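Tertiary structure, described
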Amino acid sequence: MVVPGAAAAPSRAPETCGLEQILEALKLLLSPGGSGSSSLQSTKHDVLLDTLKSNLSALEDKFLKDAQWKKLKLLRNEMARRAEWPQNSTDVTWTFTSQTLLLLLCLKETMIRLVADFSPGKPNPRTPEAAPALSPDTLSVSQQKTFQSVLQFVVTLGVCPYFMPGVGIPLRYRTEFGAVVQDVVCLEAAPHGARRLYTSCRVLLDVAQHSSLGSLIFCRHFGDIAAGLCQLGFCPTKRKSSAPVEEVLTEEERALSRESLRNILDQVYQPLAVRELLILQGGPPQSCTDVTTQRRCRAPGWLRRLCGQLLSERLMRPSGVQAVVRGILEGAGAGAAGGSDAEARAADWKKCDLIAKILASCPQQSLSLESYYKDVCPQILDLFHFQDKLTERQFQRVATTTFITMAREHPELAAKYLLQPVLAPLQRCLISTEIPESGMMPGTIMVTEEELSRCIDDVFKVYVVANEPLPVLLDSLLPLLGVLFSLYCFTQQSVSHIRSFCQEILLWILGKLERKKAIASLKGFVGLDKAVPSFHPQCQFRAATQGGIMITIKETMSDEDEEEALYQKMSSEQSQVEHLGDLLSHCQECGLAGDFFIFCLKELTHLAVGNEAEFKPKPSSDTSLLELEQHRALLIESQGQKLLVLQVLAVLCERMSEQIFTNVTQVMDFVAATLHRACASLVHEAESTVESQTLSMAMGLVAVMLGGAVQLKSSDFAVLKALLPLLEKVSNTYPDPVIQELAVDLRITISTHGAFSTEVVSMAAQNTLNKKDPDRKVEKQQLTSRDTSTEVAQSHPAQEQSCKKAPQTGQESNAPFIQSKEFSGRSTDKNQEPGSVTKEQLQEVLLSAFDPQIPTRAAALRTLSRWIEQREAKALEKQEKLLQAFLKNLEHEDTFVYLSAIQGVALLSDVYPEKILVDLLAKYDSGKDKHTPETRMKIGEVLMRIVRALGSRLGLIKTAKVCI
């Protein structure tokens, strides 16, 4: 690119001068001068003008008087003859700019000629480590600083003063020197301002054709040159001005300016182009009535539209998305967080969100919305995998926000061009996927380690980190939950970096899904619902060489390996159920674990008694073998489902805590499921002790809630009323009279919204609480509007008679949460007067200490311990039996039982220290070969407690330690 008039070749080429001389001439033009006074603004203007005139005169004197400058003078005259712009003006600022531009052209021409004449010598083979000779056009550091200073003067004097309001950043708001220049430039003097701007931009572009000079020009002044070209090439020609642009610029020159703008935009670093175009677009609209507010002027409409179009073109180019992101974010802050403090980081996140809105908006230059998404979406996905640690978080924030914005605004296109590429590795492994025959070779890799790791990482960022439960996101991931759960189970077998990601993804979507869909997904995880998409049976997970996981086609199993395959299948199903329990242990607060537990209870009832008659084959003469086989298959499948439900329930009971139910509705659903099962068992004559215990426990929960443990609202009673038909059926059909009576009284209490409550309900609530914590003192509860308390219920004669009926029916163990043991009601009262224990009560509690029910046994041990602590004479007379009961319960596996036994032995040793300690030491020493390590450890713990409690009072500490 050459300046206007460059086609006029000189008659002869002048001799080449040195770079040092040209840079010395440029440095002479920049020499400071004048009085140096800056007390008044007018003085600053005069100093600047005097300095420019003085430096121009000094340069001309050098050319006239110094013979060494002859070559440079000839070269400058040659450049002046080529140039076709007015070089002299009454405005000294333009004369100075013109002479500076001529010297810049001389510098470029000299550098080109030096390189053309340069002939580097051959390298010396004896010194191969020697650096090659530098090119003669190489500028030193000091020379580059001089060149940058010259550029600053050219742009300040020859470009910026001629910008229209709203174009670029005004000079007066850049530096103090710029404000002075803005005032001393004479726009009325010839040549016209538009011509000056055109000349300066064209010469700078001509000089920038040299690679080393071009990098120095564009790295700092690209924005000003681009702003000048925008004004020259795209400013409307019809303006309210005395001197329209077309009077000073031809249409050819305007077209050349437009072409030059697009060329430099394509050549420079794209983030730099994006950033400068955004600056040119300007800020929000402001008034622009005075020159002092020029910086606040909004960019004119034609410039805003032009910059928007040019930015869209940058975006549509290859890697355009990254260029836009870098152009906005680069230089925004330091570090990965985008700033050193919270304010800087917050501003950075706002920029990320702004970029997301820009990327999600389809530009007008695009052929269609779908074509834009097709081109841009792959680039957005690439932002997730950016490797630069300093900007990784920013890029991922932009990608995630853009992903969510597109999914919200255009879900169908987002599903096609964003979600499908992300989820493709998981979709290949669905059971509904048809694996081509060509890929059926054993060991064929379906999903590589890198693909699977990237997929899980992207899904985690899009779903969990973004945390926007949009329908398109949930619907796209829902069919793949079976594959994700299978992968989660596989990661539990060894160390895996994607294990936590899989768990977080599953927990997130299970919490966001509708409860019915979440329950259906959980059913599919363990095989209770075959209709839920799951992992393809011909695929398998395998550990990869780099520590990751890949998916391959299973190896063909031989007949000899059928037993091994069956074992692997059974162990896999067992581990899946256990891993589901682990997963649901994190879902208790949201209520999902409780809902799934209730579903399994209902499913168990349905499978146990609902379908047996339907699946039981009835042999007849007309039944064919095929029909019999089908009936048997259905029966086996039903039994398998029942066993699977039982297995799931067992795991849930083991893994879930007592806070599995989070609201009244779940508790009522649990009670309703229990009542349904009890009624169904009675219909099929399958009533059992276990179901009676569960039924009494469930009804006891209702009694506790009605007794005031939970603050019930009117809406809660509406839920409770759903139990009335079931309670009525239990009261009419269940054989246990205690349960029948409780069912009737619960119906009364629920129907009256707790306004009336019977003593049976009160005692059931108290005994349920005692079973949960036998050592607690039951506080008085508001059971009726007349302040009915548990003490009144216990002292009521009719209730005592009702409670004494239970042993006569032979159902002592059928109602563990109802008053069926005498010691459970009165004898366990902490407020019982010392010395009131009878032999019958003591015998009852001693028998209960060996009861098979854990709560009953633990309560008995705690009662015995309390009597010892209170020095009950009747209890201390049976010290041998008490010690035997405590020692026997030390071998129990339940923590609550053996800890109660340890406490009892410790209390008993406080009464009979020598005897108890000697008996324990003898038992410990004689049973070393008989006791299990756990039992020996428990006895040792008892001994240590006794020794620590008694201390030097016995004088046997040393002996005990030696024996232990």
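Keep in mind that this is a model prediction, so the values were computed, not measured.

The rules we used
- Residues numbered from 1 in each chain as written.
- Predicted model: local features only at pLDDT ≥ 70, side-chain atom pairs only at ≥ 80, totals over all residues.
- Heavy atoms only, no water.
- Patch = residues over 30% accessible without salt bridge, like charges linked within 9 Å, V, L, I, M, F, W, Y side chains within 5 Å.
- Areas by Shrake-Rupley, 256 points an atom, 1.4 Å probe, with all protein chains shown as cover.
- Salt bridge = Lys/Arg side-chain N within 4 Å of Asp/Glu carboxyl O.
- Lys, Arg positive; Asp, Glu negative; His and termini not counted.
- Charge placed at Lys NZ, Arg CZ, Asp CG, Glu CD.
- Helix = DSSP H or I, 4+ residues; strand = E, 2+ residues; numbered from the N terminus.
- Core = buried A, V, L, I, M, F, W, Y, C linked by side-chain atoms within 4.5 Å.
- Buried < 20%, exposed > 50% of the residue type's maximum accessible area, 1.4 Å probe, protein only.
- Contact = heavy atoms within 4.5 Å.
- Expected span 1.5 Å × (residues − 1).
- Bend = angle between axes of the 7 residues up to and from the residue.
- Axes fitted to C-alpha atoms, helices over the stretch in contact; angles between N-to-C directions.
- Left-handed = near helix turned anticlockwise from the far one by under 90°.
- Nonpolar A, V, L, I, M, F, W, Y, C, P; charged D, E, K, R; others polar.

Taken together, the side chains of Lys 839, Lys 874, Lys 878 and Lys 881 define a basic patch exposed on the protein surface. Counting through the fold element by element, Lys 839 comes out in helix α35 (residues 839-848).

Turning our eyes to something else, we now look at the nonpolar core. Counting residues in each nonpolar core, the largest one holds 230 residues, and the members touching the most others are Leu 104, Leu 477, Leu 584 and Phe 596. Dropping the residues within four chain positions of it, Phe 596 is found in contact with Ile 519, Leu 522, Lys 523, Leu 580, Leu 584, Val 648 and Leu 652. Membership of the second largest hydrophobic core comes to 31 residues, among which are Val 845, Ile 868, Leu 887 and Leu 943.

An α-helical turn contains 3.6 residues, so a residue and the one three or four places further along point in the same direction. Over its 14 residues, helix α14 (residues 369-382) extends 20 Å from the first C-alpha to the last, a length consistent with the 20 Å expected when each residue adds 1.5 Å. A maximum bend of about 30° is found in α14 at Val 376, where proline Pro 378 lies one to four positions downstream.

So, on to a nonpolar patch on the surface. There is a patch of nonpolar side chains on the surface, built from Val 744, Ile 748 and Phe 756 and spanning about 230 Å² of accessible area. Judged by relative accessible area, which is 45%, Phe 756 ranks as partly exposed.

Attention shifts here to the packing of helix α9 (residues 251-267) against helix α11 (residues 301-316). Contact pair α9 / α11: the axes reach a minimum separation of 12 Å and the direction vectors enclose 35°. Crossing hand, α9 versus α11: right-handed. Seen from α9, the contacting residues are Leu 261, Arg 262, Leu 265 and Asp 266; seen from α11, they are Gln 309, Leu 310, Glu 313 and Arg 314. Its residues placed into classes, the contact of α9 with α11 shows 3 nonpolar, 1 polar and 4 charged.

Our focus in this paragraph is the side chain of Glu 276. Take Glu 276: it is sitting in helix α10 (residues 270-281). One buried charged residue, Glu 276, forms no salt bridge at all, with the nearest opposite charge on Arg 275 at 4.8 Å. Contacts of Glu 276, omitting those with residues within four sequence positions, involve Phe 222 and Gly 223.

For the rest of this paragraph, the subject is the environment of Leu 303. Tracing the backbone shows Leu 303 in helix α11. Through-space distance from the C-alpha of Leu 303 to that of Phe 234 is 7.9 Å; in sequence the pair is 69 residues apart. Not counting chain neighbours up to four residues away, the residues in contact with Leu 303 comprise Gly 166, Val 167, Cys 230 and Leu 280.

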